[in-house]
Every structure is written in structure tokens, then in C-alpha cells.
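Single-letter residue listing:
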Amino acid sequence: MLMRVSSGGDPNKIAGAIAGRFRNSEDCILSAIAADAVNNAVKAVAISSFHLERTMWFRVNLASVEISGRIKPAAQLRAFAVDPERLSFVSAENVQECRVTNTPETRPITDLILACYQENHLAIDLACVGAGVVYRAVKAIARASKRLKIRVIPRFEDFEDGVATKTRMILRICYIR
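Parameters at a glance
- Residues numbered from 1 in each chain as written.
- Predicted model: local features only at pLDDT ≥ 70, side-chain atom pairs only at ≥ 80, totals over all residues.
- Heavy atoms only, no water.
- Helix = DSSP H or I, 4+ residues; strand = E, 2+ residues; numbered from the N terminus.
- Rg over C-alpha atoms; globule rule 2.2 N^0.38 Å.
- Buried < 20%, exposed > 50% of the residue type's maximum accessible area, 1.4 Å probe, protein only.
- Contact = heavy atoms within 4.5 Å.
- Areas by Shrake-Rupley, 256 points an atom, 1.4 Å probe, with all protein chains shown as cover.
- Lys, Arg positive; Asp, Glu negative; His and termini not counted.
- Charge placed at Lys NZ, Arg CZ, Asp CG, Glu CD.
- Phe/Tyr/Trp six-rings, centres within 6.5 Å; stacked < 30°, edge-to-face > 60°.
- Lys NZ or Arg CZ within 6 Å of the ring centre and 35° of its normal.
- Salt bridge = Lys/Arg side-chain N within 4 Å of Asp/Glu carboxyl O.
- pLDDT = per-residue confidence, 0-100.
- Expected span 1.5 Å × (residues − 1).
- Arc of directions from axis to C-beta.

1. Regarding the overall build of the chain
And then number 1: Counting its secondary structure elements, the chain contains 4 helices and 8 strands.
And then number 2: Relative to the compact-globule value of 16 Å for 177 residues, the chain shows a C-alpha radius of gyration of 16 Å, a close match.
And then number 3: Along the first, second and third principal axes, the C-alpha set of the chain runs to 45 × 40 × 35 Å.
And then number 4: Looking at the chain as a whole, 44% of its 177 residues are labelled buried.
And then number 5: The long-range fraction of contacts in the chain, counting pairs at least 24 apart against all pairs at least 6 apart in sequence, stands at 70%.
And then number 6: Here the chain has roughly 9500 Å² of accessible surface; of this, 47% comes from carbon and sulfur atoms.
And then number 7: Placing the 25 positive and 18 negative side-chain charges of the chain at their respective mean positions leaves the two points 7 Å apart.

Right, here's the structure in full:
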């Protein structure tokens, strides 16, 4: 079932709805337009892991929707749940970590995802701070997904920026070979 996520949506409430769908054995596809909405959708998938006590992951693709006569790109995230022990093969030493910066281009991120696959990494962590950065990372993942089978496991992580402790979104991309 399709859930539309808006930029003003509460990720905690969206996560509760996702968890409810999984408890009822229903599919869950999140559709979001614009950076803040995509950020809320990704946050909601990460938060729903706590509700379900399972690891949540998603696949993403880009679609076009018409709004007021204008065609806009939308990200569609199809969420899945899996028991954490089924993903134990992806340990920290097998993961390449990259910080995604706030640049307008997504091609370098897509190229990095493809290069890590070619170098036989099991996974890559994209570290994102801010809705715009998460949005660009999701767009890059969607583009790489056209060539590779990818699972994305979102999670939160605290980090020090030299001044204060902040939280960032980690998008772990697991390659399905």
C-alpha cells in the first residue's frame, strides 16, 4: 500500500504507520516529493526498526508525478523488515564509509556506489547531515539501483563536529550479488 510522506509529516508517526503495516503483513511503499519529505521517509524507516525490533531496509526508485499540471520527481521507498541476525555478514570491517557533502551533483555519489561494488566491498555507509544531503544520497542510490541490486539500511548515529554532538543519518548500502 502506498503512503504519501510530506515535508511536514512527523517521522515518528510515519514510523508507527509503517510498523502497523508490517504487523498486519502488508507491503509498505513510501512516496515523497522534495528533500524534506524524502528525509522524513528515510527517518521513518529507521525509526520503525525500534517499533518492530527488526532491521528495516528499503529499495528506492525515482518516479514522476504530476502536481498542478507540473511534472515533479518523487522518490518511492519500498520498505522491508528482516531479523538482524540475517544481516550479520555486513560487519564494520567490510564497510567503506563516505561522508556526503551538500553539493548539487548526485553523479559523484552514484559513481562512488558503483566503484565500491566493483572493488568488491560488501557495503558502503553514506554519512548524511541535513535533509538536502539525504535527498541527494537517495537520488544517487536510486540511479545506482538501475544497474545494481541494492538494499539500504538507514540508521542514526551521533558524532562530534568539534563544537557539539550532532546526529547524522547513515545509509548503509548492501550489495546483493
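2. Looking at the packing of aromatic side chains
And then number 1: All told, the structure shown has 2 aromatic pairs when counted by the stated rule.
And then number 2: Ring plane angle 15 degrees and centroid distance 4.3 Å describe the contact between W57 and F80, whose orientation is recorded as stacked. Of the two residues, W57 sits in strand β3 (residues 55-67) while F80 sits in strand β4 (residues 70-82), which places them 23 residues apart along the sequence.
And then number 3: For F80, a relative accessible area of 23% puts it in the partly exposed group.
And then number 4: Taking NZ or CZ as reference, R168 lies 5.2 Å from the ring centre of F159, over its face.

3. Quick word on the pattern of salt bridges
And then number 1: Overall, the coordinates contain 6 salt bridges when judged by the stated rule.
And then number 2: Between R172 and D125 there is a salt bridge whose closest N-O contact spans 2.7 Å. Of the two residues, R172 is situated in strand β8 (residues 165-175) and D125 in strand β6 (residues 123-128); the sequence distance between them amounts to 47 residues. Take R172 and D125: they sit in the same class, and that class is buried.
And then number 3: E157 is the salt-bridge partner of R168, the closest N and O atoms lying 2.5 Å from each other. Residue R168 is found in strand β8, and its partner E157 is found in strand β7 (residues 150-160); the two are separated by 11 residues along the sequence.
And then number 4: For E157, a relative accessible area of 23% gives the class partly exposed.

4. Section: the confidence of the model for the chain
And then number 1: This prediction gives the chain a mean pLDDT of 89; 94% of its residues lie at or above 70.
And then number 2: Taken element by element, the chain is modelled with least confidence in strand β5 (residues 95-99), mean pLDDT 87, and with most confidence in helix α4 (residues 131-145), mean pLDDT 95.

5. Section: helix α3 (residues 107-118)
And then number 1: Counted at 1.5 Å a residue, the expected span for α3 with its 12 residues is 16 Å, and the 16 Å between its end C-alpha atoms agrees.
And then number 2: Those residues of α3 not exposed but buried are I109, T110, I113, L114 and C116. Projected down its long axis, α3 carries its buried residues within an arc of 160 degrees, all on one side. Facing away from the buried side of α3, by more than 90 degrees, are the exposed residues R107, P108 and Q118.
And then number 3: Those residues of α3 hidden inside the fold are in contact with β5, β6, α4, β7 and β8.
And then number 4: Looking one or two residues past α3, N120 carries a phi angle of roughly 65 degrees, positive in sign.

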